[in-house]
Amino acid sequence: MNYPVWFVPTFGGGLLIALVAIVHVFVSHFAVGGGLYLVMAERKAIKEKSQAIMDFVKKHTKFFMLLTMVFGGLTGVAIWFVISLIHPAATSLLIHTFVFGWAAEWVFFLVEIVALFVYFYAFGKMDDRTHQTIGWIYFGAAWMSLFLINGIIDFMLTPGTWISNSNFWSGFFNPTFWPSLFFRSFMSFMLAGCYGFLTATFLKDEAARHRMIRYSGVWALVSLILSVPAGWWYISVLPDKARSLVGGASPTIARATTVGAFSLAALAGLLITLILLNPKARIRSLIVIVMIAAMGYMGAFEWTREAARRPYVINEVMYSNGILKKEVERINQEGFLKNAKWVQHKEITEANRLEAGRELFLHQCFACHSVSGFNNDIVSRTKNMSYGAMRKYLATIHEKRYFMPPFVGNESELKALAAYLTAGLHKKPLADDGGAVGDRGTVLYEENCAACHSAESIKPKMKGWELAKIRAALDKLPALNPAMPDYNAPAPDKDAVAGYLFSLNNPGTDSSVKDQGATLYEENCAACHSLDQIKPKMAGWPKKKIRSALDKLSALNPAMPDYSGTAVEKDFLSDYLAKYTGGAQ
């Protein structure tokens, strides 16, 4: 809102950050785990007086120097470049909160660079004790970088009491600091072990090759085992809503955790098998799979951690679109565009509605959604929704799907955004309540389901389902899929949606109207009037007369309360009564 938007429609902001960040996270964890691995492997070479293992350690050192110093340095700068363009508001808040933390981290990074250079170029030129001391300094500086960055990254997920006191230490030693530090340390050791597991296969000295394969495999397996309780501890201290997302309430996280679980199982299984196998059976292709599984486990964790913050970029503080939570109420009253510094349209008119809607999309949605791009494509996700359905969906988007930020702005701005997402992207008509009467199931489906499930995609999945089964499923959606929220709607609305879904595979059925009217009658009238009693009294009434009567029941009979249903519900009820009593349509 206070910064311009860097518009890269195909990639979207979130994907760019994810790609750069995850690559850098791999490299930085390699640096930490590699530091310890190098020192311990050198110690093993000295103890066993093995020149082959010592040469192996030196080659590893050169790789870590190129990977962590050169490539890691480039990706580290890239992260700052991307987050400052995609999330300038969050970047500013983090810098202002942790400026001394960042400064300390850069000091340790400098020590890490110098120590690694000395360690590599001094191989064979220093006594063993001094050389190993340099190695420990390299590892210590790398681990301290992790220690400092860990506090800042986890602040974004669990800011804790910083929200109330704005204290540096409250934010740094936040609720997930320690479990995350242990988990990340074990992950970094595991990655380094897996890499050594792979590169040891290139050793020409057969005895040294098998010793280092086994040594690296045990190293990786022990680290992996220790990471599991640390990860469990991490999850246990998450806030309830974040834990719910990790538990399956977010489709994105559900996919990531599935990848993580399979990677963990494959990694543990292969490591155990390959360590126990006859050395000749340790073929390189299997060990390559170990490395891929290790990266899958690590990548799934990072993806999950990022997604668990949703709908915030800093949990309970700033939404993923850069809007502070504490400012939402004020902006809703004053209007978003009026408060936004980098928009062309401050007021919405009939002529600029689509352009203003596009500006609202850029400032409130683009941080997570691409436009016809690779990740969270807004075009495909909105193609099934009408303008009226979109407008209602946006009004309750955060309540229906917790991981989506609420729309922030006034009513005319909400309509402008809905207009851009439907008429602007899909050339759909801007009819306010088109199709609401007489096709209620379709409208309700568009409002509540179509953002995730197109009719074409759900039709084959429900083939052969009876109407009753569909209706029952709407009462327990999370039981069908943990990523789906409960559909908290009145029974008549669920009847209407069930009827619509049933009609997808049974064209020509009118179950939605029939069941909707019958349910409304049972809920509102049947306690006093059985159908057999009411039929002779209404014999011959046209539908129009029944519909009119439902608007003034107390005028017909003072003993009857007025019916408080919506206009659409009265339409369904009058349809039902007209059909049952034989009235003209």
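We now turn to the structure provided with this report. On a predicted model such as this, the values are computed, not experimentally measured, just so you know.

Quick notes on the rules
Residues numbered from 1 in each chain as written. Predicted model: local features only at pLDDT ≥ 70, side-chain atom pairs only at ≥ 80, totals over all residues. Heavy atoms only, no water. Helix = DSSP H or I, 4+ residues; strand = E, 2+ residues; numbered from the N terminus. Contact = heavy atoms within 4.5 Å. Areas by Shrake-Rupley, 256 points an atom, 1.4 Å probe, with all protein chains shown as cover. Lys, Arg positive; Asp, Glu negative; His and termini not counted. Charge placed at Lys NZ, Arg CZ, Asp CG, Glu CD. Core = buried A, V, L, I, M, F, W, Y, C linked by side-chain atoms within 4.5 Å. Buried < 20%, exposed > 50% of the residue type's maximum accessible area, 1.4 Å probe, protein only. 1 Å grid on protein atoms, 1.4 Å probe; cavity = no way out; pocket = protein on both sides within 12 Å on 5 of 7 lines; lining within 4 Å. Points joined across faces, edges and corners; volume = space filled by probe spheres on them.

1. Describing the overall build of the chain
Phase 1 of the analysis: Secondary structure assignment for the chain yields 28 helices and 2 strands.
Phase 2 of the analysis: In terms of overall dimensions, the chain has C-alpha extents of about 105 × 55 × 40 Å along its principal axes.
Phase 3 of the analysis: Across the chain, contacts joining residues at least 24 apart in sequence account for 73% of those joining residues at least 6 apart.
Phase 4 of the analysis: Accessible surface for the chain amounts to roughly 27,100 Å². Of this, 63% is attributable to carbon and sulfur atoms.
Phase 5 of the analysis: One way to put it: in the chain the 58 positive side-chain charges average out to a point 7 Å from where the 46 negative ones average out.

2. Observations regarding the nonpolar core
Phase 1 of the analysis: Counting residues in each nonpolar core, the largest one holds 152 residues, and the members touching the most others are Met212, Leu267, Ile314, Phe361 and Leu501.
Phase 2 of the analysis: Here the element with the most residues in this core is helix H7 (residues 177-199); it accounts for 13 residues.
Phase 3 of the analysis: Each residue touching Leu267, except ones within four places of it in the same chain, is listed here: Met190, Cys194, Leu224, Val290, Ala293, Ala294 and Tyr297.
Phase 4 of the analysis: Ranked by size, the runner-up nonpolar core spans 19 residues in total, among them Trp541, Ile546, Leu553 and Tyr576.

3. Let's talk about unusual backbone geometry
Phase 1 of the analysis: For the peptide bond that leads from Arg310 to Pro311, omega is 10°, which places it in the cis range.
Phase 2 of the analysis: Residue placement: Pro311 occurs in the loop between helix H11 (284-308) and strand E1 (312-314).
Phase 3 of the analysis: The phi angle at Lys49 is positive, at roughly 50°, despite the residue not being glycine.
Phase 4 of the analysis: A positive phi angle is found at Glu316, which is not glycine, with a value near 65°.
Phase 5 of the analysis: Summarising the element assignment, Glu316 is placed in the loop between E1 and strand E2 (318-319).
Phase 6 of the analysis: By relative accessible area, Glu316 is classed as partly exposed at 31%.

4. Considerations on empty space enclosed by the protein
Phase 1 of the analysis: For the structure shown, the criterion picks out 2 cavities of 30 Å³ or more.
Phase 2 of the analysis: There is about 220 Å³ of room inside the largest cavity.
Phase 3 of the analysis: Lining the largest cavity are 18 residues, with Val5, Ile86, Pro88, Asn321 and His363 positioned closest to its centre.
Phase 4 of the analysis: Breaking the lining of the largest cavity down by element, the ones donating at least two residues are helix H2 (51-86), helix H3 (88-121) and helix H14 (353-364).

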